[in-house]
Amino acid sequence: NLQATLLDQTIDSPFLNASGVHCQTQEELDDLAQTKNLGALVTKSATLQVREGNPNPRYYDLPAGSINSMGLPNLGYEFYLDYVTKADKKPTILSVAALSAADAITLLKKIQASDYEGPTELNLSCPNIVGEPQLAYDFENTDKVLAEVFSFYTKPLGVKLPPYFDLVHFDKISAVLNKYPLTHVNTINSVGNGLWVDIETEQVVTKAKGGFGGVGGAMVLPTALANVRALRQRLNPSIKIMGTGGVTTGADAFAHILCGAELVSVGTQVIKEGLGAYDRLTAELKEIMAAKGYTSLSDFRGKLKEL
Ligand code: DHB
């Protein structure tokens, strides 16, 4: 079986959508709620106010992935908070994005005061907002924000992180996160500020920010696996890891779990293939497990071997 857990709930599949993919509108969320082989769903990162997002084109398929500069288009936190409070078809995670430290506090105070008791994920890593840094690249500020958050917040809370590329950075972010009662860490967000060049037109491929944008899909798999592994080696065992990034096959999901992921999110591949991707990934993961004689995800989760 492919059972995994989300908080204290057992879910039938380890697959999640990656936030941002097919989860912005009521219709899209309803589609996810009815998608077989999707264990839980996460909403598009919500901000205090409704946002149109950046100008089009703002998503572009690459040969081995994608680049986007969406700019957090979303219907505003009230819509998503209402959606997750009423959701009864599938376990649901509310994602909220902090454009500033003050916004994070305001948003989480609203959630704290609401009837919603389920999991929330604070996105500390949106790479596409003009003029705003990714908060989680500033370790001191992240610490300050979380200290303030946990002075009042008592509901289940995780964070979405950007990719790190230096082992000392893994040490630093883990030391900060281990101070707080986080339920989970979702890693990685898109690899920020990549650039693609169309040789024929001699142009960039997305409009905002001169074409710089977040990179996802197959080409970020090694970075995603490294972040899952390095954080699993450093974070308190009570902080579960949701692995996100570069999953296009069941083997990729198997690798994420071997690195320590509790759940595995799929983003770019679902844009390319549609929601049927979850059926294929599930079949492929089951086939690999059967060939190896594994009967549950816990048989191999976190058990990556070194040479
Ligand atoms: C957006 C936000 C993200 O957190 C991300 O990884 C990619 C895109 C956005 O809406 O711009």
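The present account deals with the structure reproduced in this document. (Residues numbered from 1 in each chain as written. Predicted model: local features only at pLDDT ≥ 70, side-chain atom pairs only at ≥ 80, totals over all residues.)

What follows deals with helix H7 (residues 250-258). Three or more residues of H7 are buried, namely Asp252, Ala253, Phe254, Ala255, His256 and Ile257. On its buried side, H7 packs onto helix H6 (221-234), strand S13 (240-244), strand S14 (263-266) and helix H9 (277-292). Just downstream of H7, Gly260 is the residue with a positive phi angle, here 125°. (Buried ≥ 20, exposed ≤ 12 C-beta atoms within 10 Å, placed from the backbone. Helix = DSSP H or I, 4+ residues; strand = E, 2+ residues; numbered from the N terminus. Contact = placed C-beta atoms within 7 Å.)

Below, the discussion takes up the site of the ligand. Of all residues adjacent to the ligand, which total 14 residues, the nearest are Met70, Leu72, Cys126, Asn128 and Ser190. Taken together, the residues of the shell around the ligand sort by class into four nonpolar, ten polar and no charged. (Near = placed C-beta within 6 Å. Nonpolar A, V, L, I, M, F, W, Y, C, P; charged D, E, K, R; others polar.)

This part covers the sheet that holds strand S5 (residues 59-62). Strand order in this open sheet of four strands is S5-S6-S12-S11, and the pairing throughout is antiparallel. Since the sheet does not close on itself, it has two edges, and those belong to S5 and strand S11 (191-194), each with one partner. Strand-to-strand twist of the sheet, defined as the mean angle between neighbouring strand axes without regard to direction, takes the value 30°. Strand direction decides the pairing type here: S11 and strand S12 (residues 213-216), joined by two bridges, are antiparallel. (Pairing = 2+ DSSP bridges. Axes fitted to C-alpha atoms, helices over the stretch in contact; angles between N-to-C directions.)

Turning our attention to the nonpolar core. Ranked by size, the top nonpolar core spans 79 residues in total, and within it Leu16, Leu41, Val185, Ala261 and Val264 carry the most contacts. Once you skip the residues sitting within four places of it in the chain, Leu16 turns out to touch Gly39, Ala40, Leu41, Val42, Met242, Leu263, Val264 and Ser265. (Core = buried A, V, L, I, M, F, W, Y, C linked by C-beta atoms within 7 Å.)

The side-chain alternation of strand S6 (residues 65-68) yields two buried faces, one formed by Gly65 and Ile67 and the other by Ser66 and Asn68. Of the strand pairs in this sheet, S5 and S6 are connected by four bridges, and their pairing is antiparallel. When the bridges of S6 are listed, Tyr60 appears paired with Ile67. Two elements, S6 and S12, share three bridges in a ladder whose sense is antiparallel. Across the sheet, Asn68 pairs through a bridge with Gly214, a residue of S12.

Looking now at the environment of Ala40. In this fold, Ala40 is placed in the loop between helix H1 (26-33) and strand S4 (41-42). Residue Ala40 is classed as buried on the basis of its C-beta count, with 25 C-beta atoms lying within 10 Å. Between the alpha carbons of Ala40 and Leu263 there is a distance of 9.2 Å; along the sequence they are 223 residues apart.

Once that is clear, we can look at the pairing of strand S9 (residues 157-161). With respect to burial, S9 is a largely interior element, five of its five residues being buried. As for the winding sense of the linkage, the β-α-β connection from strand S8 (residues 120-123) through helix H4 (residues 139-149) to S9 is right-handed. As judged from the four bridges shared by S9 and strand S10 (residues 184-187), these two strands associate in the parallel manner. Bridge pairing links Val159 to Val185 in S10. Note on the crossover from S9 through helix H5 (residues 167-177) to S10: the handedness is right-handed. (Right-handed = clockwise from strand over helix to strand, strands pointing away.)

Remember, this is a structural readout, not a statement about activity or role.
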